[in-house]
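Chain by chain, the residues:
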Amino acid sequence: MIDEEGLAAIRTTLAADGYALDVSEAGGRVSVRISVADPEACEDCLAPEPIMRGILQQTLGVPGHSIDLTYPPGSVHE
């Protein structure tokens, strides 16, 4: 089960940099999709995948290996 307070916190953090976060759970997996919400989003502010996975693991309270992480198309982290 995803920690809803943690989810709200990471959504707020990403929104401040121009990103949206969609999260869903199914079959023991957590799907996390980061998308650009603002055309002036700070691409340098988006953490690399291994770091973001660790942040999500702690913030959402789920094992890192259960997270399917998708970055915005064309991002340097994609």
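Please refer to the structure placed before this passage.
What you see is a predicted model, and the numbers here were worked out from it, not measured in a lab. (Residues numbered from 1 in each chain as written. Predicted model: local features only at pLDDT ≥ 70, side-chain atom pairs only at ≥ 80, totals over all residues. Heavy atoms only, no water.)

Trainee: Which parts of the structure should I look at to understand the nonpolar core?
Mentor: Note on soluble globular proteins: their nonpolar side chains tend to be buried together. Val-32, Ile-34 and Met-52 are the most contacted members of the largest nonpolar core, which has 19 residues in total. When residues of this core are traced back to their parent elements, those giving at least two are helix H1 (4–16), strand E1 (19–26), strand E2 (29–36), helix H2 (49–60) and strand E3 (67–70). In this structure Val-32 touches Leu-21, Asp-22, Val-23, Leu-56, Leu-60, Ile-67, Asp-68, Leu-69 and Thr-70, once residues within four positions along its chain are discounted. (Core = buried A, V, L, I, M, F, W, Y, C linked by side-chain atoms within 4.5 Å. Buried < 20%, exposed > 50% of the residue type's maximum accessible area, 1.4 Å probe, protein only. Helix = DSSP H or I, 4+ residues; strand = E, 2+ residues; numbered from the N terminus. Contact = heavy atoms within 4.5 Å.)

Trainee: Is there a simple way to explain H2 in this structure?
Mentor: Since there are 3.6 residues in each turn of an α-helix, residues three or four apart along the chain are aligned in direction. With 12 residues, H2 should reach 16 Å at 1.5 Å per residue; the first-to-last C-alpha distance of 16 Å fits that figure. Of all the residues in H2, the buried ones are Met-52, Leu-56 and Leu-60. Down the axis of H2, the smallest arc covering the buried residues is 45 degrees, so these residues share one side. Opposite the buried face of H2, by more than 90 degrees, sit the exposed residues Pro-50 and Gln-58. Structurally, H2 contributes buried residues whose contacts are with H1, E2 and E3. (Expected span 1.5 Å × (residues − 1). Arc of directions from axis to C-beta.)

Any functional reading would require information that these geometric values do not contain.
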